[in-house]
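Results of the structural survey
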Amino acid sequence: MEHLGVALRAWRDRLDPAAVGIAYGTPRRVPGLRRAELAALAGISVEYVVQLEQGRGATPSAQVCSALARALRLSDDEHAHLLRMAGHAADPSRVPRRIPESLHRIVDQLAGSPLAVFDATWQLLHWNPLFAATFGDPTASAAGDRNVLVWQFLGDLPRVRQTAAERAAFEESLVADLRVTTSRYPDDPDLAALVSRLNRSPRFRELWSRRAVGGHQSAHKLVRHPEVGDIALNSDILNTQDTNLRLVVYTPQPGTDARGKLELLAAIGVQRMSPQGRMSPQE
């Protein structure tokens, strides 16, 4: 952890606050970002930043590493180095979870739509403020529970309402997609643990036994929002070729008032949501 702390401090010191939108009118005693500024950008506590830089904090999860890399404007190589120092070495047998900077740039250009990035097991990795304002703050759930399959089969999709036919089609598509993932990453222990967990659901066991194979590409969503009412959305999935990450973009269904409701949420709802929320050290 000592090398990780030294690297974080060096990366923090080199970053011009103006590059991340932090204005300052008086000279600073030290260059770069302050610890509190890095904490705010990464969505973690300043106390945890101090612990990491002093080499005494809990080992950060891959999600926290990615948040730090994003806040520090690290290159893809530096991001990968950070993950290795935190014990998250790249392994071709494991489901990839590192979001490349090129995908972050795309996400930034689509701020007018709710969107999220998932890995190949449908684990939620990243979301924008409008996604949180529309579907609810994902940090209300534990990191391990932020998975579409877990929500669908063992709980409830946040604020999503489905007809019986929509639910059946959605579940069949998700399970067929997960079957493809198990063939790509047969030795990933987290994936095996997810399938074991999902087997608590009779519906999942039924669909899993069919051994259907396919890809989940799109769906219709009716979001029941507590403040603006029902929002009719289409969800489209863009898959990355090498990492099997899924960028899900939600757009208004034609002929509905969804666009106006999203614009309203963008104006007022986002103010109460952060892009990544406040992550605990173990997330």
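To start, this report covers the structure provided alongside it. Please read all numbers here as calculations on a predicted model, not as lab measurements.

Reading the values: rules and limits
Residues numbered from 1 in each chain as written. Predicted model: local features only at pLDDT ≥ 70, side-chain atom pairs only at ≥ 80, totals over all residues. Heavy atoms only, no water. Helix = DSSP H or I, 4+ residues; strand = E, 2+ residues; numbered from the N terminus. Buried < 20%, exposed > 50% of the residue type's maximum accessible area, 1.4 Å probe, protein only. Core = buried A, V, L, I, M, F, W, Y, C linked by side-chain atoms within 4.5 Å. Axes fitted to C-alpha atoms, helices over the stretch in contact; angles between N-to-C directions. Parallel < 35°, antiparallel > 145°, perpendicular 65-115°, else oblique. Left-handed = near helix turned anticlockwise from the far one by under 90°. Contact = heavy atoms within 4.5 Å. Nonpolar A, V, L, I, M, F, W, Y, C, P; charged D, E, K, R; others polar. Phe/Tyr/Trp six-rings, centres within 6.5 Å; stacked < 30°, edge-to-face > 60°. Lys NZ or Arg CZ within 6 Å of the ring centre and 35° of its normal. Salt bridge = Lys/Arg side-chain N within 4 Å of Asp/Glu carboxyl O.

Here we look at the environment of Asp108
Secondary-structure assignment places Asp108 in helix α6 (residues 101–109). A residue is classified by how much of its surface remains accessible, and Asp108, at 45% relative accessible area, is partly exposed. Through-space distance from the C-alpha of Asp108 to that of Leu178 is 28 Å; in sequence the pair is 70 residues apart.

Here we look at the nonpolar core
In terms of nonpolar packing, the biggest core is built from 42 residues, with Trp122, Val148, Leu178, Leu198, Phe204, Ile231 and Leu233 touching the most fellow members. With 26 residues, the next largest nonpolar core counts Leu4, Ala39, Cys65 and Leu74 among its residues.

As for the packing of helix α2 (residues 35–42) against helix α3 (residues 46–53)
Running from amino to carboxyl end, α2 crosses α3 at an angle of 110°, the nearest separation of the two axes being 8 Å. Overall, the two elements α2 and α3 adopt an arrangement that is roughly perpendicular. Judged by the sense of rotation from one axis to the other, the crossing of α2 with α3 is right-handed. Residue-level inspection shows Arg35, Ala36, Leu38 and Ala39 of α2 in contact with α3, the latter providing Val46, Val49, Val50 and Glu53. Partitioning the contact of α2 with α3 into residue classes produces 6 nonpolar, no polar and 2 charged.

Examining the packing of aromatic side chains
The final tally for this structure, using the stated rule, is 6 aromatic pairs. With centroids separated by 5.4 Å and ring planes inclined at 50°, the aromatic side chains of Phe118 and Trp122 adopt a geometry described as tilted. Summarising the burial analysis for this pair, Phe118 and Trp122 share the class buried. A ring pair is formed by Phe131 and Tyr250, whose centres lie 6.0 Å apart and whose planes are at 45°; its orientation type is tilted. With Phe131 in helix α7 (residues 129–135) and Tyr250 in strand β6 (residues 246–252), the pair connects residues that are 119 residues apart, well separated along the chain. Since its relative accessible area comes to 7%, Tyr250 is described here as buried. Pairwise contacts between aromatic rings join Phe131, Phe135 and Tyr250 into one cluster. The residue whose ring lies beneath Arg179 is Trp208, and the NZ or CZ to ring-centre distance is 3.7 Å.

A closer look at the environment of Pro158
Locating Pro158 in the fold gives a position in the loop between α8 (148–154) and β3 (160–161). Judged by relative accessible area, Pro158 falls into the partly exposed class, the value being 27%. Along the sequence, Pro158 and Val148 sit 10 residues apart, while their C-alpha atoms lie 9.6 Å from each other. With residues near it in sequence (within four places) discarded, Pro158 still touches Phe135 and Trp151.

Details of the packing of helix α1 (residues 2–14) against helix α5 (residues 76–85)
Across the interface, α1 lies against α5 with an axial gap of 9 Å and an inter-helix angle of 150°. Judged on the interaxial angle alone, α5 and α1 are roughly antiparallel. Two packed elements cross with a definite hand, and for α1 against α5 that hand is left-handed. Listed contacts from α5 to His3, Leu4, Ala7, Leu8, Trp11 and Arg14 of α1 are Glu78, His81, Leu82 and Met85.

Some remarks on α2
Of the positions making up α2, those classed as buried are Glu37, Leu38, Ala39 and Ala42. Close packing links the buried residues of α2 with α1, α3 and α4 (62–71).

With respect to the pattern of salt bridges
Scanning the entire structure with this criterion turns up 20 salt bridges. Here Arg34 ties to Glu37 by a salt bridge, and the two come within 3.7 Å at their closest N and O atoms. Residue Glu37 is classed as buried on the basis of its relative accessible area of 14%. One salt bridge connects Arg97 with Asp119, and the closest N-O pair in it is separated by 2.8 Å. With a gap of 22 residues between them, Arg97 in the loop between α5 and α6 and Asp119 in the loop between β1 (115–118) and β2 (124–127) connect regions that are remote in the sequence. Judged by its relative accessible area of 26%, Arg97 falls in the partly exposed class. For Asp119, a relative accessible area of 0% translates into the label buried. A single network of salt bridges, built from pairs that share partners, joins Arg167, Glu171, Glu172, Arg203, Glu206 and Arg210.

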